[in-house]
Amino acid sequence: IYSTSKFSRIHVRNNVYYRRISEMITIYGKPQCPYCDMAQALCNQKGVEYEYKSLGTDFTREEMMETFPTARTFPQIIFMGEKIGGYNELKAQFD
């Protein structure tokens, strides 16, 4: 869904990406995580800016549980300020 008042360049519409200027994608991942790597690769492929946070370096398990209390898998992704889930949910944003 596209809204000119909400997005500036990241949402997909006619192969153009609309993104809020003040927001981006944040990927919470961990080392040796194939889906974390796939999420980063997808963002790179689409030319979308993102921030990657790695477990043990950028956040602790406790902080993960506070931020994503129902999450049990990696990665966990914040897209446009909303907790959307993992890689498959991120991919759906671009389909």
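Residues numbered from 1 in each chain as written. Predicted model: local features only at pLDDT ≥ 70, side-chain atom pairs only at ≥ 80, totals over all residues. Heavy atoms only, no water.

**Quick word on unusual backbone geometry**
Glycine aside, negative phi is the norm for most residues, and most peptide bonds take the trans geometry. Stated precisely, the cut-off is as follows: In this text, helices come from DSSP runs of H or I with a minimum length of four residues, and strands from runs of E with a minimum of two, each type numbered from the N-terminal end. Residue burial is assigned from relative accessible area. The probe radius is 1.4 Å, only protein chains are included, and a residue is buried under 20% of its type maximum, exposed over 50%, and partly exposed in between.
Here the residue pair F74 and P75 is connected by a cis peptide bond, since its omega of -5° sits within 30 degrees of zero. One non-glycine residue, Q32, adopts positive backbone phi at about 60°. Its place among the elements puts Q32 in the loop between strand 3 (25-29) and helix 1 (34-46). The phi dihedral of M80 falls on the positive side, at around 55°, and the residue is not glycine. With respect to the helices, strands and loops of the structure, M80 is situated in the loop between strand 5 (76-79) and strand 6 (82-85). Accessibility expressed as a relative area gives 6% for M80, which makes it buried.

**Structural notes on the confidence of the model for the chain**
Interpreting fine coordinate detail is not advised for predicted regions of low pLDDT. Our working rule: pLDDT gives the predictor's per-residue confidence on a scale running from 0 to 100. Whether two residues touch is decided by their heavy atoms; if any such pair falls within 4.5 Å, the residues are in contact.
On average, residues of the chain carry a pLDDT of 83, and 76% of them reach 70 or more. Below a pLDDT of 50 lies the segment residues 1-10, which in the model reaches 26 contacts outside its immediate sequence neighbourhood of four places, other chains included.

**Focus on the sheet that holds strand 4 (residues 50-54)**
Which entries qualify depends on this criterion: The pairing criterion for strands is at least two bridges between them, as found by DSSP. Lines fitted to C-alpha atoms define the axes, with helix axes restricted to the stretch in contact, and inter-axis angles between N-to-C directions lie between 0 and 180 degrees.
Taken together, the four strands give an open sheet; going across it, the order is 4-3-5-6, and neighbouring strands pair in mixed fashion. Only two strands of the sheet have a single partner each, and these edge strands are strand 4 and strand 6. Strand-to-strand twist across the sheet, computed as the mean angle between neighbouring axes with direction ignored, equals 25°. When strand 5 meets strand 6, the two strands line up antiparallel, connected through three bridges. Bridging across to strand 6, I78 finds its partner in K83.

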